[in-house]
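Chains, contacts and geometry: an overview
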Amino acid sequence: MLTHNLLFTICCLLGCSAEFYVIDDRFGLGREYDGIGGLSGGGATSRLLVNYEEPYRSQILDFLFKPNFGASLHILKVEIGGDSQTTDGTEPSHMHSKDDHNFFRGYEWWLMKEAKKRNPDIKLIGLPWAFPGWVGVGTQWPYFFPNVTADYVVTWISGAKQHHNLDIDYIGIWNERKYDPVYIKVLRETLDRVGYTNVGIIAADGDWSIAAAMLDDPYLNDAVQVIGVHYPGTKTVKEALFTEKKLWSSEDYSTFNDDIGAGCWARILNQNYVNGRMTSTISWNLIASYYENLSFGGDGLMTADEPWSGHYVVESPIWMTAHTTQFTQPGWFYLQTVGNLTHGGSYVALTDRKGNLTVVIQTMTHSHSQCIRPPLPHFDVSPQKATFQLKGSFAHLTDLQVWYSKLNFETKNSTLFQRGSPIKVYNGSFTLKLDVDEVYTITTVNTGQKGAYPEPPKSQPFPKNYSDDFTIDNPPFSEAPYFADQTGVFEYFRNGTGLHAFTLRQVVTERPVTWARDADQTISIIGDHSWTDLSVSCDVLIETPVTGGVFLAARVDQGGESVREAKGVFYWIYANGTYKVTNDIGGHRVLAEGLSGTREGIWYTLTLRVKGYLASGMLNGYPLWKNAVVHEPKNGWTALGTLSYEYAQFDNFKLNAE
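Counting from 1, residues in each chain are numbered in the order their sequence is written. At least 70 in pLDDT is required for a residue's local features to be given in this predicted model, at least 80 for side-chain atom pairs to be given and counted, and no such filter applies to totals for whole chains, interfaces and linings, which use all residues. The basis for every side-chain value is the complete set of non-hydrogen atoms in the structure, without hydrogens or water.

Secondary structure elements are taken from DSSP: a helix is a run of H or I of four residues or more, a strand is a run of E of two residues or more, and numbering for both begins at the N terminus. When you go through the protein chain residue by residue, the secondary structure sums to 10 helices and 36 strands. Radius of gyration (C-alpha) of the protein chain: 27 Å, near the 26 Å computed for a compact globule of 658 residues. On the principal axes, the C-alpha backbone points of the protein chain span a range of 90 × 55 × 40 Å. Remark: exposure states derive from per-residue accessible area (1.4 Å probe, protein chains only) relative to the maximum for the residue type, with buried under 20%, exposed over 50%, and partly exposed in between. Residues counted as buried form 62% of the 658 residues belonging to the protein chain. A radius of gyration in this sense is built from C-alpha atoms; the matching globule rule multiplies 2.2 Å by the number of residues raised to 0.38.

With that settled, the discussion passes to the UniProt feature "domain: Glycosyl hydrolase family 59 central" (unreviewed entry) in the protein chain. UniProt positions are given in the numbering used here, feature names are shortened, and annotations may be inferred rather than shown by experiment. Under the present numbering, the feature "domain: Glycosyl hydrolase family 59 central" (unreviewed entry) in UniProt falls on residues 334-449. Span residues 334-449 is 0% helix and 46% strand, its end C-alpha atoms 23 Å apart.

This part is about the packing of aromatic side chains. Centre distance within 6.5 Å is the pairing criterion for rings of Phe, Tyr and Trp, where only the six-membered ring of Trp is used; planes under 30 degrees apart are then read as stacked, over 60 as edge-to-face, and the remainder as tilted. Per the counting criterion, the structure on display carries 45 aromatic pairs. Between the aromatic rings of Trp134 and Tyr152, the centroid separation amounts to 5.8 Å while the plane-to-plane angle is 80°, which identifies the pairing as edge-to-face. Of this pair, Trp134 sits in the loop between strand 5 (123-128) and helix 4 (146-164) while Tyr152 sits in helix 4, placing them 18 residues apart in sequence. In this pair, the class of Trp134 matches that of Tyr152, namely buried. Seen from their ring centres, Phe462 and Tyr466 are 5.4 Å apart, and the 70° between their planes marks the pair as edge-to-face. Above the face of the Tyr231 ring, Arg373 is positioned so that its terminal group lies 4.5 Å from the ring centre. Here, over-ring charges are defined by two tests on the NZ atom of lysine or the CZ atom of arginine: distance to the ring centre within 6 Å, and angle to the ring normal within 35 degrees. Over the ring of Tyr647 we find Arg505; its NZ or CZ atom is 4.0 Å from the centre of that ring.

So, about the pattern of salt bridges. Take a side-chain nitrogen of Lys or Arg and a carboxyl oxygen of Asp or Glu: if they are within 4 Å of each other, that pair is a salt bridge. Under the defined criterion, the tally for this structure stands at 23 salt bridges. Across the salt bridge formed by Asp205 and Lys77, the nearest N and O atoms sit 2.9 Å from each other. Residue Asp205 is found in strand 7 (residues 200-206), and its partner Lys77 is found in strand 4 (residues 75-80); the two are separated by 128 residues along the sequence. Classification of Asp205 by relative accessible area gives buried; the value is 1%. Here the salt bridges do not stand alone but share partners, grouping Asp62, Glu114, Lys117 and Arg118 into one network.

What follows concerns the state of the cysteines. Two cysteine sulfurs form a disulfide in these notes if their separation is within 2.5 Å. With the rule as written, the count across this model stands at 1 disulfide. Cys264 shares a disulfide with Cys371; S-S distance 2.0 Å. Here the disulfide of Cys264 and Cys371 is right-handed, its torsion about the S-S bond being about 100°. On the criterion of sequence distance, the pair formed by Cys264 in helix 9 (residues 259-274) and Cys371 in the loop between strand 16 (357-362) and strand 17 (384-390) is long-range, its members being 107 residues apart. For the pair Cys264 and Cys371, one class covers both residues: buried.

Further remarks concern the domain arrangement of the protein chain. Often the size quoted for an interface is simply the accessible area lost on bringing the parts together. Here the bounds of each domain stem from an automatic or database domain assignment. Once the domains are mapped, the protein chain shows domain 1 (34-305) and domain 2 (465-657). Placing the centre of domain 1 and that of domain 2 at their C-alpha centroids yields a distance of 32 Å. Whether two residues are in contact is decided by their heavy atoms, any of which lying within 4.5 Å being enough. The partner domain 2 presents 33 residues to the 40 residues of domain 1 that form the contact. The largest per-residue losses of area from domain 1 upon contact with domain 2 belong to Arg47, Gln85 and Tyr291, which jointly make up 23% of the total buried on that side. For the interface between domain 1 and domain 2, the tally reads 1 salt bridge. For Glu491, the salt bridge goes to Arg105, with nearest N and O atoms at 3.0 Å. Distance and chemistry together define a polar contact, namely a pair of N or O atoms within 3.5 Å, with one atom able to donate a hydrogen and the other to accept it when in protein, and with adjacent residues in sequence counting only for side-chain atoms on both sides. Taken together, the connections running from domain 1 to domain 2 amount to 22 residue pairs in polar contact (both at pLDDT 80 or more). When grouped by side-chain class, the residues that make up the side of domain 1 that touches domain 2 number 16 nonpolar, 17 polar and 7 charged. Note: buried area is the sum, over both parts, of the accessible area (probe 1.4 Å) each one loses when the two are combined. Note on residue categories: nonpolar means Ala, Val, Leu, Ile, Met, Phe, Trp, Tyr, Cys or Pro, charged means Asp, Glu, Lys or Arg, and polar means any other residue, Gly included.

The subject of this paragraph is the environment of Ala395. Among the secondary structure elements, Ala395 is positioned in the loop between strand 17 and strand 18 (399-406). Once the C-alpha coordinates of Ala395 and Ser429 are considered, the two residues, 34 residues apart in sequence, prove to be 8.3 Å apart. The residues contacting Ala395, other than those within four sequence positions of it, are Leu390 and Gly428.

Attention shifts here to the pairing of strand 28 (residues 549-556). Extensive coverage of strand 28 is indicated by the burial of 8 of its 8 residues. Should DSSP find at least two bridges between two strands, the strands are regarded as paired. Bridging between strand 28 and strand 35 (residues 637-642) involves 5 bridges; their strand directions are antiparallel. Pairing of Val550 across the sheet is with Thr642, part of strand 35.

Strand order in the open sheet made by the 3 strands is 1-17-20, with mixed pairing throughout. For this open sheet the edge positions go to strand 1 (19-23) and strand 20 (429-434), each flanked by a neighbour on one side alone. Between one strand axis and the next, the sheet turns by 25° as a mean value, whatever way the strands run. Here strand 17 pairs with strand 20 via 6 bridges, running antiparallel. Looking across to strand 20, one finds that Thr387 is bridged to Thr431. To get an axis, a line is fitted to the C-alpha atoms, and for a helix only the part in contact is used. The angle between two axes follows their N-to-C directions and goes from 0 to 180 degrees.

The next subject is helix 4. Taking 1.5 Å per residue, 19 residues should reach 27 Å; helix 4 reaches 27 Å between its end C-alpha atoms and fits that length. Along helix 4, the residues classified as buried are Pro146, Thr149, Ala150, Tyr152, Val153, Val154, Trp156, Ile157, Ser158, Gly159, Ala160 and His164. For helix 4, the secondary structure elements touched by its buried residues are strand 4, helix 3 (108-118), strand 5, strand 6 (170-171) and helix 5 (181-193). In this analysis, the expected span of each helix is defined as 1.5 Å times one less than the number of residues it contains.

Taking strand neighbours across the sheet as the criterion, the 7 strands line up as 23-26-35-28-29-30-31 in an open arrangement whose pairing is antiparallel. In this open sheet, the two edge strands, each paired with only one partner strand, are strand 23 (484-487) and strand 31 (590-595). Each strand of the sheet is rotated relative to its neighbour by a mean of 20°, with strand direction disregarded. Pairing of strand 30 (residues 578-584) with strand 31, which is carried by 5 bridges, proceeds in the antiparallel orientation. Note that in strand 31 the partner of Thr582 across the bridge is Val590.

Moving on, we come to the nonpolar core. Core analysis: the largest hydrophobic core is formed by 179 residues, its most contacted members being Phe65, Leu76, Ile171, Ile184, Leu187, Tyr291 and Phe653. Among the elements that make up this core, the one with the highest residue count is helix 9 (8 residues). In this structure, this core is formed jointly by two domains, domain 1 (34-305) and domain 2 (465-657), each of which donates at least three residues. Not counting residues within four places of it along the chain, the set of residues in contact with Phe653 comprises Tyr466, Ser467, Asp468, Phe470, Phe483, Ile526, Val536, Ser537, Cys538, Leu552, Thr638 and Leu640. What makes a nonpolar core is a set of buried Ala, Val, Leu, Ile, Met, Phe, Trp, Tyr and Cys residues whose side-chain atoms join them at distances within 4.5 Å.

Right, let's talk about the packing of helix 4 against helix 5 for a bit. Closest axis-to-axis distance for the helix 4/helix 5 pair is 9 Å, and the angle between their directions is 45°. Classified by the angle their axes make, helix 4 and helix 5 are oblique. The interaxial crossing formed by helix 4 with helix 5 has right-handed handedness. Within the contact between the two elements, helix 4 uses Pro146, Asn147, Thr149, Ala150, Asp151, Val153, Val154 and Ile157 and helix 5 uses Val182, Tyr183, Val186, Leu187, Thr190, Leu191 and Arg193. Here the residues of the contact of helix 4 with helix 5 sort into 10 nonpolar, 3 polar and 2 charged. Oblique is the label for any angle not under 35 degrees, not over 145, and not in the 65 to 115 range, which are roughly parallel, roughly antiparallel and roughly perpendicular in turn. The sense of a crossing depends on the near helix, which, turned anticlockwise from the far helix by less than a right angle, makes the crossing left-handed and, turned clockwise, makes it right-handed.

In structure tokens:
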């Protein structure tokens, strides 16, 4: 077995003695375990994953979902796209308008199918962050007509089944926004009416406040299957316990995926049950597969943000997950004998009620396990010796499998998910020498595996020369590679025949019921945030008479939840025959303006060049403006977009960065 003799010797010299902990099922079990999950969305956090080439894309998916290989997740939660910015981008709705039904937009359908392909038993959850504008009937409130919103959500569930053979297990309300009891009850009635009695409602993906309301309203209580909270700090409230409902941390972690992030994740996976009796914890996010300079860059259980190179990184949170997921399954039960260790850390014990036992022990220190939220009260952890006494149906066990991780912040050479020699059980007990920042899994389950593939390609920056004419028959995804929509939705579009038969089109024509502060303009970014000097060109088509407009941009410094404040060099042409060059997406700081002769319905070629402090622009190959002075920003993405929520098309995109 793996040991740390020196540290334990020091512990003994200081007078440490073994503390005793009982693992026992004789007096009943705890709550049913519901699994560990990852969240794709909230938003567009898996955007770049779909653009990886094989075999790398399948390898990444294996590390996430394949049983007994990597994270081996039990739950996949996805965003129900609402055409709106929801943290790192927009995800398209299945119904841009009330008469529109398309169940092949975006990538969440694909991701759910890939997860099911690897693990047919994985549970699927859908949750809206935003809604198309028509659902709000011209307002920012989706509950005015609860039957309309319920029908919209149930249509997504039906589309998953009819078009992808996916059974959705749970559905949420409105991410981190005020819940409406009437809507929840209408949603339950709608689900039941169309035969989805087995689809559970999770509410309300925010704080614990719905628990008290459920105690006061038996109809609301009956409608909700799971109370889901976000970032609970491993604590629950008495009202939630009184409901006797399943309690989940339905979004948690949200921390950079280095070893401190791994420490955060390992700690809360145990303590969410020990302290809060929460039987499922879901990571935001599943995978950091979005441009790193967007909001919360580098969060996720692993990183895959370079599809152009094939590079990805299996980060340490993957292996913290495996300590639990590879040795348990939803439907197991926690024992009542779980708790905190005397000298810091915690342990949980679970059983399948068929003789199998899994014990997960973590000793993460305060400074090495802080999550991004909420603040973590101080606690101490020190080396210790722990003896576990097995009783009840486990008293007969004679040897157990051992898996071990050590996050070493001094040497930076961590041990991750290493199999140790089986531990012998003597007289119904075994003893461990525990150091700080460790995770042990002690289990009867012998199918664990640390999966591996050959090293992926080395990291490479985004190509300095890139082009896309959007010409593709039957595209596998609705979005063009590498373009990351930040407001609005840009989709492949077919005009028929001619020079611009295949284009990229912005298709959202009214402001959605938003979750973040979307811009008033639409925008899709692409490239390398470090770029400074470059030339970018694109053919553009304004479709809206008089008030329409489109832009091409460079050095765009912000996206995500800050997209409304984005600065850069924005080259606009308008349907009223004018042009403008602005230093911000809102058009408040004007660098140049004048007549362009542009109007709707005609294709134009825009070319934008930025070098040092100067920018210039061409229209159809002829100079339209030059030497606009740009003091800031110094670098950023390239982008294209529209003046408002309006149809517009783009073709023959080309960029050359110096």
